[in-house]
Amino acid sequence: MTEMTLGSGGLETQEELRLALEEVRKWEKEQRQLMIWERLTRLPFKLLDKLTPKVVHEKIGQLLNELGVYIQNGGNYLVAGRKVGELVGEVSRETGGKGEGPYPLAVMDEAARRLSKSRSNFATAQGATTGFGGVFTLAADIPAILGLSLKVIQEIGLCYGFNPLEKEERIFAVKVMQLASAEAVGRRAILEELDLELGSDGRIGGGDGAAVSKIQGWREVIAAYRDNWSSKKLLQTIPVAGMFFGAYTNREMLKAVAEAAMMLYRKRRILARLEEGGETT
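Residues numbered from 1 in each chain as written. Predicted model: local features only at pLDDT ≥ 70, side-chain atom pairs only at ≥ 80, totals over all residues. Heavy atoms only, no water.

(A) Summary view of the overall build of the chain. If you tally the helices and strands in the chain, you get 10 helices and zero strands. Shown N-terminal to C-terminal, the secondary structure of the chain runs as helices and strands in the order α-α-α-α-α-α-α-α-α-α. Within the span of the chain, comprising 281 residues, buried residues form 48% of the whole. Contacts spanning at least 24 positions in sequence make up 78% of the contacts within the chain whose residues lie at least 6 apart. Accessible area for the chain stands at about 13500 Å²; split by element, carbon and sulfur atoms hold 56% of it. (Helix = DSSP H or I, 4+ residues; strand = E, 2+ residues; numbered from the N terminus. Buried < 20%, exposed > 50% of the residue type's maximum accessible area, 1.4 Å probe, protein only. Contact = heavy atoms within 4.5 Å. Areas by Shrake-Rupley, 256 points an atom, 1.4 Å probe, with all protein chains shown as cover.)

Now the structure itself:
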């Protein structure tokens, strides 16, 4: 992603917004493609998944069921926006702004990048700590990484001005998490569904398909997420060596989640600004 200039003193032009939107759409196109490594590892991962301890599958299934509670009322996974607002304001002042919105995309991007780096570092340490004990401590890592994934998605959403207190935004957060962990077929389906959900102003539920109202099918998608995630965490069950696998796996998972969140929320903010400028996409 091309970084927009910080401290340029004002919001973007329509042309700059169109170029930024084109970058996001290029990223989305890449997500729809089946990567070479996915072709090579699909069968081994399916085999490894059968070897994943039952307790791991059960723990993941239990926690993913809690996402239903999160979607309905936020539950324990809901974050507060005050600290994120302070961070965005701080970035704005560092670049010559007034520290109050509306913020340029460059400011929101930088705040999102800082949060992404901070959460990835935390996830790396978390994975190393819990991976040291192998399968015995993996059960503690699973809820931690799930909660951290949802947290960073919500925080990045707040950077771009989207409030997780709204139910539609919590559904969107779950979709972002699914996208980050899915294989190519799943990514295509999720991106197509999100295209239906998004209105021309970037708001959820504004599209003709209003796919957000069909959330009853989310459990099937969650099941695929669980299976894929189990395979990625399997090597972490090896005592001591799991420390290195855990650190690497958690870091890569958080990086993927943060990237997906940044791209999709950025797209929505761009669409909203284009709409404000009287331009439809």
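Now that the structure has been shown, we can carry on.
(B) Region of the structure containing the nonpolar core. Among the nonpolar cores identified, the biggest contains 61 residues, and Ile 153, Ile 156, Cys 159, Tyr 160, Leu 264, Tyr 265 and Ile 270 are the most heavily contacted of them. Here the element with the most residues in this core is helix 10 (residues 242-276); it accounts for 12 residues. (Core = buried A, V, L, I, M, F, W, Y, C linked by side-chain atoms within 4.5 Å.)

(C) Highlighting the packing of aromatic side chains. All told, the structure shown has three aromatic pairs when counted by the stated rule. One aromatic cluster is present, built from ring pairs that chain together Phe 162, Phe 172 and Tyr 265. Across from the ring centre of Phe 162, 4.1 Å away, lies the NZ or CZ of Arg 268, which sits over that ring. Over the ring of Phe 172 we find Arg 268, and its NZ or CZ is 4.5 Å from the ring centre. (Phe/Tyr/Trp six-rings, centres within 6.5 Å; stacked < 30°, edge-to-face > 60°. Lys NZ or Arg CZ within 6 Å of the ring centre and 35° of its normal.)

(D) Geometry of the pattern of salt bridges. Taken as a whole and judged by the stated rule, the model has 16 salt bridges. Residues Glu 28 and Lys 267 are paired through a salt bridge, measuring 3.0 Å at the closest nitrogen-oxygen approach. Taken together, the positions of Glu 28 in helix 1 (residues 14-31) and Lys 267 in helix 10 put the pair 239 residues apart, joining distant regions of the chain. By the burial criterion, Glu 28 is buried, and Lys 267 matches it. The salt bridge partner of Arg 114 is Glu 110, with a shortest N-O separation of 3.0 Å. (Salt bridge = Lys/Arg side-chain N within 4 Å of Asp/Glu carboxyl O.)

(E) Looking closely at helix 1. End to end, helix 1 covers 26 Å across 18 residues, agreeing with the expected 26 Å (1.5 Å per residue, within 8%). Along helix 1, the residues that are buried comprise Leu 17, Ala 20, Leu 21, Val 24, Trp 27, Glu 28 and Gln 31. Seen end-on, helix 1 carries its buried residues on one side only, within an arc spanning 115°. Across helix 1 from its buried face, at more than 90 degrees, point the exposed residues Leu 19, Lys 26 and Lys 29. (Expected span 1.5 Å × (residues − 1). Arc of directions from axis to C-beta.)

(F) Structural detail: the environment of Ser 181. Among the secondary structure elements, Ser 181 is positioned in helix 7 (residues 167-181). Along the backbone, Ser 181 and Met 253 are 72 residues apart, and their C-alpha atoms lie at a distance of 7.6 Å.

(G) A look at the confidence of the model for the chain. In the predicted model, the chain carries a mean pLDDT of 77, and the fraction of residues at 70 or more is 67%. Looking at the elements of the chain, mean pLDDT is at its lowest for helix 2 (residues 36-51), recorded as 51, and at its highest for helix 4 (residues 82-94), recorded as 94. Segment residues 207-216 is flagged for pLDDT under 50; beyond a separation of four residues in sequence, or across chains, it makes 18 contacts in the model. (pLDDT = per-residue confidence, 0-100.)

(H) Spatial organisation of the packing of helix 7 against helix 8 (residues 184-197). The N-to-C vectors of helix 7 and helix 8 enclose an angle of 155°; their axes lie 9 Å apart at closest approach. As the angle between them shows, helix 7 and helix 8 are arranged roughly antiparallel. Relative to helix 8, the crossing made by helix 7 is left-handed. Side by side, helix 7 and helix 8 meet where Phe 172, Lys 175, Gln 178 and Leu 179 of the first sit next to Arg 187, Ile 190, Leu 191, Glu 193, Leu 194 and Glu 197 of the second. (Axes fitted to C-alpha atoms, helices over the stretch in contact; angles between N-to-C directions. Parallel < 35°, antiparallel > 145°, perpendicular 65-115°, else oblique. Left-handed = near helix turned anticlockwise from the far one by under 90°.)

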